[in-house]
Amino acid sequence: AQSVTQPDIHITVSEGASLELRCNYSYGATPYLFWYVQSPGQGLQLLLKYFSGDTLVQGIKGFEAEFKRSQSSFNLRKPSVHWSDAAEYFCAVGERSGFQKLVFGTGTRLLVSP
Amino acid sequence: DAGVIQSPRHEVTEMGQEVTLRCKPISGHDYLFWYRQTMMRGLELLIYFNNNVPIDDSGMPEDRFSAKMPNASFSTLKIQPSEPRDSAVYFCASSLTKGDRGRRGASYNEQFFGPGTRLTVL
């Protein structure tokens, strides 16, 4: 069964500093990969996705993620964090077999310090 | 488009009462998902529908939970009777199947989430 690991439960970053959130997956083949963000009291919003092609994908709000097949990773990055980026971030994987289920990681809560 | 709409946004009820959560997916989407989010268990998929037909309900915790999708624009998640351990945020999401050009027969979805219903069972 596929699984997603987000090893960091909480991360604190100073405003203006760079950010990297880790995501590792376990799956027999390359799945579809997603990053979602959840602001307090809100639903999940898609930041970016990887299906195929260029392994560096750009998303909304200045985020990017890089797919590394050899490491089974899909880490999320942002060069300069803003206070409004404080939220919870979820990595998710979906099968390519035609099924529509997504498996979500446990999330990483990002705190932004002044 | 208004996005996925859920109602109510907050629900407080007493143990033993019936609770009905409602969802209106994005128009034209062919998949609808119900999730539950708790601190202890994270985000769990409860059930999903394709073209109004339930496909996988293996995540439904027990018989007290039921979900229906009578038409393409409406779905309900019902809990009867409710228990305090059902307290959680329930999300509805919808998606539109798109073909994967890189692989014949494959498809992918991009799920759009509603704002959630925060359920508290006293």
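What counts, and where the lines are drawn
- Residues numbered from 1 in each chain as written.
- Chains lettered and ligands numbered in written order.
- Predicted model: local features only at pLDDT ≥ 70, side-chain atom pairs only at ≥ 80, totals over all residues.
- Heavy atoms only, no water.
- Helix = DSSP H or I, 4+ residues; strand = E, 2+ residues; numbered from the N terminus.
- Rg over C-alpha atoms; globule rule 2.2 N^0.38 Å.
- Buried < 20%, exposed > 50% of the residue type's maximum accessible area, 1.4 Å probe, protein only.
- Areas by Shrake-Rupley, 256 points an atom, 1.4 Å probe, with all protein chains shown as cover.
- Phe/Tyr/Trp six-rings, centres within 6.5 Å; stacked < 30°, edge-to-face > 60°.
- Salt bridge = Lys/Arg side-chain N within 4 Å of Asp/Glu carboxyl O.

(A) Spatial organisation of the overall build of chain B. Scanning chain B from N- to C-terminus turns up zero helices and 13 strands. The order of α-helices and β-strands along chain B, N terminus first, is β-β-β-β-β-β-β-β-β-β-β-β-β. Over its C-alpha trace chain B gives a radius of gyration of 15 Å, about what one expects of a compact globule, namely 14 Å for 122 residues. Viewed in the frame of its principal axes, chain B has a C-alpha envelope of about 50 × 25 × 25 Å. Buried positions account for 50% of the 122 residues belonging to chain B. For chain B, the accessible area works out to roughly 6,400 Å², and carbon and sulfur atoms hold 49% of it.

(B) Representation of the packing of aromatic side chains within the structure. Inspection of every chain in the model, using the stated rule, returns 17 aromatic pairs over all chains. On the basis of an interplanar angle of 85° and a centroid distance of 4.9 Å, the ring pair of Tyr 32 of chain A and Phe 51 of chain A is categorised as edge-to-face. With Tyr 32 of chain A in strand S5 (residues 32–38) and Phe 51 of chain A in the loop between strand S6 (44–50) and strand S7 (56–58), this pair connects stretches of sequence that are 19 residues apart. Between Tyr 50 of chain A and Phe 67 of chain A, the aromatic rings sit 4.7 Å apart at their centres with planes inclined by 25°, giving stacked as the arrangement. Here Tyr 50 of chain A, found in strand S6, pairs with Phe 67 of chain A, found in strand S8 (residues 64–68); they are 17 residues apart in sequence, far enough to count as distant. The same class applies to Tyr 50 of chain A as to Phe 67 of chain A, namely buried. Connected via pairs of aromatic rings, a cluster forms that spans Tyr 32, Phe 34, Tyr 36, Phe 51 and Phe 104 of chain A together with Tyr 31, Phe 33, Tyr 35, Tyr 48, Phe 91 and Phe 113 of chain B.

(C) Main features of the pattern of salt bridges. Summed over the entire model, instances satisfying the criterion amount to 14 salt bridges over all chains. Between Glu 110 of chain B and Lys 49 of chain A there is a salt bridge, and its shortest N-O distance comes to 3.3 Å. In this pair, Glu 110 of chain B sits in the loop between strand S11 (107–108) and strand S12 (112–113) while Lys 49 of chain A sits in strand S6, so the two residues belong to two different chains. In this structure, Glu 64 of chain A engages Arg 77 of chain A in a salt bridge whose closest nitrogen and oxygen atoms are separated by 3.2 Å. In this pair, Glu 64 of chain A sits in strand S8 while Arg 77 of chain A sits in strand S9 (residues 73–78), placing the two residues 13 residues apart along the sequence. Look at Glu 64 of chain A and you get buried, because its relative accessible area is 19%. When salt bridges that share partners are traced, they join Glu 62, Arg 64, Glu 83, Arg 85 and Asp 86 of chain B into one network.

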